[in-house]
Amino acid sequence: MNKTDIVDVLEDIAILLELKGENPFKIRAYSAGARVLETMEDELGEVIAEGRLGSIKGIGSALVDKIQTLYETGDLEYYTKLRASVAPGLIEMLEIPGLGGKKVKKLHDALGIESMDALQKACENGEVAALKGFGKKSEEKILTGIANRAAYAQRHLWWEAREVAAPILEGLRSLPQVERAEAAGSLRRLKETVGDLDFIVASEAPDPVMDWFVGQDAVQEVTAHGTTKSSVRFEGGLQADLRVVPAAQFAFALHHFTGSKEHNVAMRQRALARGYSLSEWGLKPSGLESGECKVESGELEITSEKELFEFLGLQEIPPELREGMGELERYVASADDTEVVPPLVTCGDIRGVFHNHTTASDGRATIEEMTEAAQALGFDYLGLADHSKASFQANGLDDGRVLKMIESIRAFNESGESPVHVFSGIECDILPDGTLDLEEATLKALDYTVMSVHSSFSQPEAEMTARVIRAIEHPSTVMLGHPTGRILLRREPYKIDLHKVIDAAIANRVIIEINANPRRLDMDWRLWRRAAEKGLMCAINPDAHSTNGLAYFEAGVNIARKGGIPLEQILNCRDCAGVERWFKERK
Ligand code: DGT
Ligand code: CA
Ligand code: CA
Ligand code: ZN
């Protein structure tokens, strides 16, 4: 364990002792020890090796062993036991601004409070205000703290985080002191949700850059303001970190803070195996003491991630694949650089999208408006798939209305009103027993179908899996819609064995969609790589309920990239004739 982490443990111990009402001298020994360690200039490893820890003023005998154990093993039984002896609710309460160990203990002793919920109730009942040493003001502050904490704990949709990040990045790049600026972290890796934003800037004059960053209008709270790192919080709870580094360090910092942690671990191991230690600061020869390092130092100039990857014998790994899921092995550079991993899909490769709704069911736009928007996005075709009748709350279509809609789409295509070709589809409900909501003849009359579950979400896994597979095996099924029903940050996926579903889809030449609605994004990218290798076809389906919703296809492209799906296996990359052929061959 490194010094910073050990300092944190010592501080934790002090707080835990406070919570337990331990002797103040003992408490102070830990908090003072933490401060001494924090400000110590010597390398901790050296101090320990030379046995000097005990002679440092402020580090008492009780601490020497503990620091040493933490340094060597990363673990401390005393600390583990201490944590376990305190109710987790009490530790959680410490995260509320203004509540330290002493106050939490008092709340516990006087009112028996052991959880955040109980604390909130006690505040609402005025019990906290009545307590000596608290009062009305601090009661209100605690309540605000509880409310904020819930908001801050939340992750944020990638789509929304990107909206916050874009003007910040633009602002940073327009500052005269800024040489380079990039967004890093999960946003850059195109994760479906984002915890916080991370920006990396190259500049020789960090102060004005930091001042601009913490001074933005949208900033609600500045939680750190330094020369190397600043952190802010925006309304809605999203937080952002900015790190400013010298230009020579930029590629390393960008790579490090793009992550993921797991990817970084793999990269460090690869570097070590080649005699280098890699960090956010740079790359330096390692293992010198063992005398095994044969690489000269000082001749390294790495100014881009590409050069960093190349130095380690890798092709450039796109950020969205850096999840520690075998990407290094996949991107190993071949001896003569001839074997190149095929590029990932881009928005420009998308010729059209499927699964969109119109005013016929619960969409807000007409065929005319939807095709106009599709044209503006540069699409050649547009698939319309309104709901079927079982989705009555969405004004789903019965067989008669579907047949009429097919007619109106045919007339629209023949009218030549739009250069965008419309494919007639349906989002047909998969009924609880796995049968379909419309007559087979109706389904056959359509260009294509998307089968989706919209009811009985709580079926046991085996039943749900059998239900969906039954639908997949139906000869009229072309695509499976949002295969888990999840709503990110709001509703859990229903229980289903997707491995079996994937196998059934491949066996029946059924496409599984990437529902590109930023709140859904299933089938999940974690499953796509293997599924694509086995031959599964995908369609990027914005599930648009308005003209604006078509733009969601970009979020679907993100997931296809993260899943490493080859272009040939993405239906949207085919031209109109190619798509038509796919639909025909299915019949
Ligand atoms: P998030 O914010 O939860 O959506 O996910 P990230 O990946 O953006 O995580 P964040 O903001 O905590 O840190 C950004 C990157 O910095 C992370 O992906 C990898 C790197 N990083 C942060 N802390 C550590 C660490 O303790 N070890 C390693 N190896 N890398 C770290
Ligand atoms: Ca982050
Ligand atoms: Ca961060
Ligand atoms: Zn649906």
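Residues numbered from 1 in each chain as written. Chains lettered and ligands numbered in written order. Predicted model: local features only at pLDDT ≥ 70, side-chain atom pairs only at ≥ 80, totals over all residues. Heavy atoms only, no water.

Focus: the coordination of the calcium ion (ligand 2)
Ideal values differ by geometry: the angle at a metal is 109.5 degrees with four tetrahedral donors, but 90 or 180 degrees with six octahedral donors. Condition: Coordination here is defined by N, O and S atoms within 2.8 Å of the metal (3.2 Å for Na, K and Ca), and since water is not considered, a site can look incomplete. Geometry assignment treats four donors as tetrahedral when all angles are between 85 and 135 degrees, treats four as square planar and six as octahedral when opposite donors are over 155 degrees apart and all others between 65 and 115, and treats everything else as irregular.
Surrounding the calcium ion (ligand 2) are the protein donor atoms Asp196 (O), Asp196 (OD) and Asp198 (OD), which sit 2.2 to 2.5 Å from the metal. Of note is the calcium ion (ligand 2), whose six donor atoms meet at the metal with angles of 70 to 170 degrees in an arrangement that counts as irregular. Between the calcium ion (ligand 2) and the calcium ion (ligand 3) the interatomic distance amounts to 3.7 Å, and Asp196 serves as a bridging ligand to the pair.

Side note on the site of ligand 1
We count it as follows: A cutoff of 4 Å decides nearness: a residue is near a molecule or strand if any of its heavy atoms lies inside that distance of it. Counted as a polar contact is a pair of N or O atoms within 3.5 Å, where, for protein atoms, one must be capable of donating a hydrogen and the other of accepting one, and residues adjacent in sequence contribute only when both atoms are in side chains. In this text, helices come from DSSP runs of H or I with a minimum length of four residues, and strands from runs of E with a minimum of two, each type numbered from the N-terminal end. Gly is placed with the polar residues, together with every amino acid not listed as nonpolar (Ala, Val, Leu, Ile, Met, Phe, Trp, Tyr, Cys and Pro) or charged (Asp, Glu, Lys and Arg).
Ligand 1 sits among 16 residues. The nearest are Arg155, Ser186, Arg189, Gly195 and Asp196. One of the backbone N or O atoms of Gly195 is found 2.7 Å from an oxygen atom in ligand 1. Mapped onto the shell around ligand 1, the elements with two or more residues apiece are helix H11 (185-188), helix H13 (250-258) and helix H14 (261-273). Tallied by class, residues from the shell around ligand 1 come to two nonpolar, eight polar and six charged.

Topic: the domain arrangement of the chain
Rules: Annotation comment: domain bounds sourced from an automatic or database domain assignment. When checking whether two residues touch, look at their non-hydrogen atoms; a contact exists if any pair is within 4.5 Å. When two parts are put together, the accessible area they lose, computed with a 1.4 Å probe and summed over both, is reported as buried area.
For the chain, the domain assignment lists domain 1 (3-152), domain 2 (155-245), domain 3 (254-341) and domain 4 (347-586). Just the C-alpha atoms count here: the centres of domain 2 and domain 4 sit 36 Å apart. Taken together, the contacts link twelve residues of domain 2 with 16 residues of domain 4. In this assembly, domain 2 packs against domain 4 so that about 1100 Å² is buried in total across both faces, 64% of it on carbon and sulfur atoms.

Points about the coordination of the zinc ion (ligand 4)
Inclusion rule: Each residue is assigned to one of three classes by its accessible area relative to the maximum for its type, calculated with a 1.4 Å probe on protein chains only: buried under 20%, partly exposed between the two thresholds, exposed over 50%.
Protein coordination of the zinc ion (ligand 4) is provided by Glu427 (OE), His454 (NE2) and His482 (NE2), with donor distances spanning 2.0 to 2.3 Å. The motif formed by the donor residues of the zinc ion (ligand 4), counted along the single chain, is E-x26-H-x27-H. One end of the pair, Glu427, is in strand S12 (residues 421-429); the other, His482, is in the loop between strand S14 (479-480) and helix H21 (498-507), with 55 residues separating them in the sequence. Of the two residues, Glu427 and His482, neither departs from the other in class, the shared state being buried.

A short note on the sheet that holds strand S4 (residues 197-202)
Defined as follows: Strand pairing is assigned whenever DSSP identifies at least 2 bridges connecting the two strands. Every axis in this analysis is a line fitted to C-alpha atoms, fitted for helices over the stretch in contact. Angles between the N-to-C directions lie between 0 and 180 degrees.
The strand order across the open sheet built from five strands is S2-S4-S7-S6-S5, with neighbouring strands paired in mixed fashion. Either end of the sheet is taken by a strand with one partner, and the two such strands are strand S2 (180-183) and strand S5 (219-225). Each strand of the sheet is rotated relative to its neighbour by a mean of 20 degrees, with strand direction disregarded. Both S5 and strand S6 (residues 229-234) contribute to a ladder of five bridges, which runs antiparallel. Bridge assignment links Ala224 to a residue of S6, and that residue is Ser231.

Quick word on the packing of aromatic side chains
Put simply, the rule is: Side-chain rings of Phe, Tyr and Trp (the six-membered ring for Trp) are treated as a pair once their centres are within 6.5 Å; stacked means planes under 30 degrees apart, edge-to-face means over 60, and tilted covers the remaining angles.
Scanning all chains against the criterion turns up 13 aromatic pairs. Ring centres 5.3 Å apart and planes at 85 degrees place the aromatic pair Trp159 and Tyr552 in the edge-to-face group. A residue pair is termed long-range when its members are at least 10 positions apart, and Trp159 in helix H10 (residues 158-173) and Tyr552 in the loop between strand S16 (538-541) and helix H23 (553-562) qualify at 393 residues. Classification of Trp159 by relative accessible area gives buried; the value is 14%. Ring plane angle 90 degrees and centroid distance 5.4 Å describe the contact between Phe423 and Phe583, whose orientation is recorded as edge-to-face. Here Phe423, found in strand S12, pairs with Phe583, found in helix H24 (residues 576-586); they are 160 residues apart in sequence, far enough to count as distant. An identical accessibility class is assigned to Phe423 and Phe583; each is buried.

Focus on the pattern of salt bridges
The following threshold applies: Throughout this description, the term salt bridge denotes a Lys or Arg side-chain nitrogen within 4 Å of a carboxyl oxygen of Asp or Glu.
Enumeration over the complete set of coordinates arrives at 29 salt bridges. One salt bridge connects Arg520 with Asp543, and the closest N-O pair in it is separated by 3.9 Å. Residue Arg520 is located in the loop between strand S15 (511-515) and helix H22 (525-533), and its partner Asp543 is located in the loop between S16 and H23; the two are separated by 23 residues in the primary sequence. Taking relative accessible area as the criterion, Asp543 reaches 5% and is therefore assigned buried. Residues participating in the shared-partner salt-bridge network are Glu192, Arg486, Asp524 and Arg526.

Side note on the nonpolar core
Where we set the bar: Here, nonpolar core refers to any group of buried Ala, Val, Leu, Ile, Met, Phe, Trp, Tyr and Cys residues whose side-chain atoms link them within 4.5 Å.
In terms of nonpolar packing, the biggest core is built from 94 residues, with Leu197, Phe199 and Trp528 touching the most fellow members. With seven residues, H10 is the single largest residue contributor to this core. Among the domains, domain 2 (155-245) and domain 4 (347-586) are the pair contributing at least three residues each to this core. If sequence neighbours within four positions are ignored, Phe199 has contacts with Ala165, Ile168, Leu169, Leu172, Glu182, Ala183, Phe213, Ala240, Asp241, Leu242 and Arg243.

Some points on a negative patch on the surface
As a reminder, the rule being used: Patches were defined on residues exceeding 30% relative accessible area and lacking a salt bridge, with like-charge contacts within 9 Å and nonpolar side-chain contacts (Val, Leu, Ile, Met, Phe, Trp, Tyr) within 5 Å. Only the protein chains shown count as cover for residues, and the accessible areas themselves come from Shrake-Rupley with a 1.4 Å probe. As used throughout, the charge tally considers Lys and Arg to be positive and Asp and Glu to be negative, leaving His and the chain termini uncounted. We put the charge of a Lys on NZ, of an Arg on CZ, of an Asp on CG and of a Glu on CD.
Residues Asp5, Asp8, Glu11 and Glu38 make up a contiguous surface patch of negative charge. Per-element tally for the negative patch: the top contributor is helix H1 (residues 3-19), with three residues. Summarising the element assignment, Glu11 is placed in helix H1. The class of Glu11 is partly exposed, set by a relative accessible area of 32%.

Comments concerning the sheet that holds strand S11 (residues 381-387)
Spatially, seven strands are ordered S10-S11-S12-S13-S14-S15-S16 in an open sheet, and the strand pairing comes out parallel. Each having just a single partner strand, strand S10 (352-353) and S16 make up the two edges of the open sheet. Relative to strand S13 (residues 450-452), S12 is paired through three bridges, and the arrangement is parallel. Considered in S13, the bridge of Cys428 is made with Met451. With respect to the sheet, helix H18 (residues 399-415) is in contact with S11 and S12, its orientation differing from that of S12 by roughly 165 degrees.

Details of H23
Buried residues dominate H23, accounting for nine of its ten residues. Its buried side turned inward, H23 meets H10, S10, S15, H22 and S16. Two residues or fewer past H23, Gly564 is found with a positive phi of approximately 60 degrees.

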